[in-house]
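Chain residues, written in single-letter form:
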Amino acid sequence: MFPAFTALSLASLFKEAYNIQQGGGTSGKLLFWGLIYLAAYVLNNFLIFITGLVIELGADKRQVHYRYLMCVKLAHMPLIDFEDARIRDMQQRAEECLYSGRMNGIIRDSFGMVIISLLNIITVSAVMARYSLWFLPLCIVSVLPYSVARLIRGREFYYIKRKMAKKSRRLGYLWGLFTDRRTVKELRALGADDYAFGKWTQCRDEVQDELWEQNRKDAVSLLFCDALRIIGYGACIALALVLTLNGTVDVGVFGACIAAFLTLQSATRGILVLGGELPKELAFSGDYFDYIDLPEETSGSGTHYAGLRDKIELRGVSFKYPNAEKYAVKNVALEIRRGEKIAILGENGSGKTTLSKLILGLYPCSGGSVFYDDETVGNLDRQSFYKTVSAVAQNFTQYKLTLRENIAMSDIDKLGDDEKITDALRRAGLEDLLVRAGLDSELGTAFGGSEVSGGQWQKIAIARGLFRDSELIVMDEPTSALDPLIETEILTKFIELAKDKTAVIISHRVGLCCLVDKIAVMKDGEIAEIGTHDGLLAQGGEYARLFTAQEKWYREE
Ligand code: ADP
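Quick caveat, the model's predicted, so the values are computed rather than measured.

**A look at helix 2 (residues 27-76)**
Logical step 1: In a regular helix each residue adds 1.5 Å, so 50 residues correspond to 74 Å; helix 2 covers 73 Å between its end C-alpha atoms and thus fits that length.
Logical step 2: Of the positions making up helix 2, those classed as buried are Ala40, Asn44, Gly52, Ile55, Ala59, Gln63, Tyr66, Met70 and Lys73.

**So, the site of the ligand**
Logical step 1: With respect to spatial proximity, the complete set of residues near the ligand consists of Glu83, Tyr321, Lys326, Ala328, Glu347, Asn348, Gly349, Ser350, Gly351, Lys352, Thr353 and Thr354.
Logical step 2: For the ligand, an oxygen atom lies 2.9 Å from a polar atom in the side chain of Lys352.
Logical step 3: One nitrogen or oxygen atom from the side chain of Thr353 is found 2.7 Å from an oxygen atom belonging to the ligand.

**Topic: the side chain of Asp476**
Logical step 1: With respect to the helices, strands and loops of the structure, Asp476 is situated in strand 7 (residues 472-476).
Logical step 2: There is no salt bridge for the buried Asp476, and the closest opposite charge comes from Lys357, which lies 5.6 Å off by N-O distance.
Logical step 3: Setting aside its immediate chain neighbours within four residues, Asp476 contacts Thr353, Val392, Ala393, Gln394 and Ile506.

**Here's the deal with the sheet that holds strand 2 (residues 329-337)**
Logical step 1: If you trace the four strands from one edge of the open sheet to the other, you get 2-1-4-5, paired in antiparallel fashion. The open sheet has two edge strands, strand 2 and strand 5 (375-376), and neither has a second partner.
Logical step 2: Pairing of strand 4 (residues 367-372) with strand 5, which is carried by two bridges, proceeds in the antiparallel orientation. Paired with Tyr372 across the bridge in strand 5 is Glu375.

**Details of the packing of helix 15 (residues 454-467) against helix 16 (residues 484-497)**
Logical step 1: Put simply, helix 15 and helix 16 touch, their axes get as near as 11 Å, and they point 10 degrees apart. The angle between the axes of helix 15 and helix 16 places the two elements in the roughly parallel class. Counted together, Lys459, Ile462 and Leu466 of helix 15 and Ile490, Phe494 and Leu497 of helix 16 form the full contact between these two elements.
Logical step 2: Across the contact of helix 15 with helix 16, the residue classes tally to five nonpolar, no polar and one charged.

Rules behind the numbers
- Residues numbered from 1 in each chain as written.
- Predicted model: local features only at pLDDT ≥ 70, side-chain atom pairs only at ≥ 80, totals over all residues.
- Heavy atoms only, no water.
- Helix = DSSP H or I, 4+ residues; strand = E, 2+ residues; numbered from the N terminus.
- Expected span 1.5 Å × (residues − 1).
- Buried < 20%, exposed > 50% of the residue type's maximum accessible area, 1.4 Å probe, protein only.
- Near = heavy atom within 4 Å.
- Polar contact = N/O pair within 3.5 Å; in protein donor to acceptor, adjacent residues only side chain to side chain.
- Lys, Arg positive; Asp, Glu negative; His and termini not counted.
- Salt bridge = Lys/Arg side-chain N within 4 Å of Asp/Glu carboxyl O.
- Contact = heavy atoms within 4.5 Å.
- Pairing = 2+ DSSP bridges.
- Axes fitted to C-alpha atoms, helices over the stretch in contact; angles between N-to-C directions.
- Parallel < 35°, antiparallel > 145°, perpendicular 65-115°, else oblique.
- Nonpolar A, V, L, I, M, F, W, Y, C, P; charged D, E, K, R; others polar.

Given below as structure tokens:
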């Protein structure tokens with residue numbers, strides 16, 4: 001009711017001032033209406049402030065909730081989705097929607113501003129209609145184009161942003177090249193930092209150019225809308241003047257009408273703009289919910305997995321990455337007996353890593369199945385299954401956390417088990433780091449922790465893999481960056497430590513092959529040969545070729 005009350009008190013104030021000028025009014029009355037107007041004005045604004053604050057806080061709470069849902073989603077997404085560019089684009093759009101505060105905006109605008117503006121419109125219209133009904137259509141016509149312009153431009157903007165999701169992702173990636181400590185050093189050393197910067201600039205310009213063009217069109221539409229709004233305001237003044245001159249309203253109402261018209265025009269414009277933008281905002285929110293509604297990883301049969309009894313068996317396993325043209329793994333048949341140590345050998349790109357992910361059930365097979373005894377891996381209950389496996393990845397994470405956390409991350413319930421952690425460190429040959437840094441000092445210099453060498457990080461990753469009481473361990477070349485002789489030394493130790501486990505070790509080097517029970521050689525996604533070191537050498541095939549090519553790496557100088 002405040003806007004109407006403000007308009008009425010303002011009319012009385014003007015009228016009293018006019019009366020005084022004509023020699024009729026009293027300064028007491030003038031002061032009274034002045035104070036009433038001031039009180040109404042201040043209180044109105046105070047209430048708007050409080051309402052805004054309450055709505056903002058409510059919307060902020062929702063925002064935190066939407067962010068939480070996104071984290072839950074990321075935790076439950078099938079891992080293969082992270083390899084799918086289309087789903088990464090969807091994630092980018094969902095994140096943009098979340099971080100641009102759009103979801104907040106919709107709640108705030110729909111529930112808050114629309115109600116406030118509607119109340120303004122109803123009460124002020126009721127007051128103005130007393131003087132002339134013409135004010136209302138005048139007001140609506142003068143601001144109607146805002147709605148149409150927002151509707152058209154909003155849709156265009158949405159489709160531009162949608163189309164640009166991939167480019168925005170690339171822009172973020174290129175930016176990451178300058179902000180990541182490791183890449184920055186590499187680029188500097190390569191002398192390619194200017195080139196990379198140029199690529200970022202080019203990508204940024206492409207993104208900006210499209211947005212600028214859209215903003216330019218938007219500005220032109222707005223200019224037209226503003227011009228019409230001002231013409232409407234001029235017409236309102238003319239109408240109020242006519243009403244005053246023909247005696248329909250007094251001079252006080254003349255001033256109040258103009259002030260009230262501005263309030264009415266601004267509230268109507270607010271609602272029309274919101275209405276026009278709503279389809280765009282809903283489309284953006286749709287992106288968020290499309291992502292949230294993506295199917296999640298299923299948790300298998302739900303039957304507790306009690307561990308491997310006999311063997312893991314791959315029967316005609318094939319796999320193709322999303323949107324890829326050729327199969328990364330083709331028709332693979334392989335048996336891994338309980339307690340066996342098997343090396344999967346092959347040149348880069350032959351499909352080893354992909355195969356290890358299929359064995360662990362991290363990716364679903366495109367053809368064939370991976371069996372753990374009689375059950376396919378997809379059918380195993382996820383939680384109990386993953387408790388029995390451990391994996392050391394090629395691009396493992398260097399956690400900038402304490403040494404204790406770095407090891408116990410694979411079995412976080414044992415974070416306080418100093419004896420077990422120390423034992424894992426000793427077994428991985430990390431006594432020196434333990435003595436120098438201690439269990440509770442942070443690793444890495446990012447936050448002022450201890451300096452750790454590349455080789456030590458690799459040993460930490462292996463210690464982490466072994467720390468977990470798993471029955472199956474899959475190790476994907478975490479040592480590939482090391483010298484072949486040092487790698488063999490570490491892997492020998494690893495095989496010794498994993499003597500009670502089933503172990504799958506992936507490598508492109510032959511160094512460890514004399515130590516394992518079985519070697520599977522991969523070529524172009526297929527298993528080219530399977531056998532023991534001696535058997536395969538005698539066969540004179542792909543393994544013998546790799547062995548001969550690499551033999552010199554293992555000769556001590
Ligand atoms: P390896 O571990 O033997 O080096 P990978 O299993 O990593 O081989 O890759 C096997 C094949 O799959 C290669 O041709 C590689 O280009 C392809 N590939 C790997 N990752 C992806 C991916 N995310 N999307 C599409 N193709 C991929």
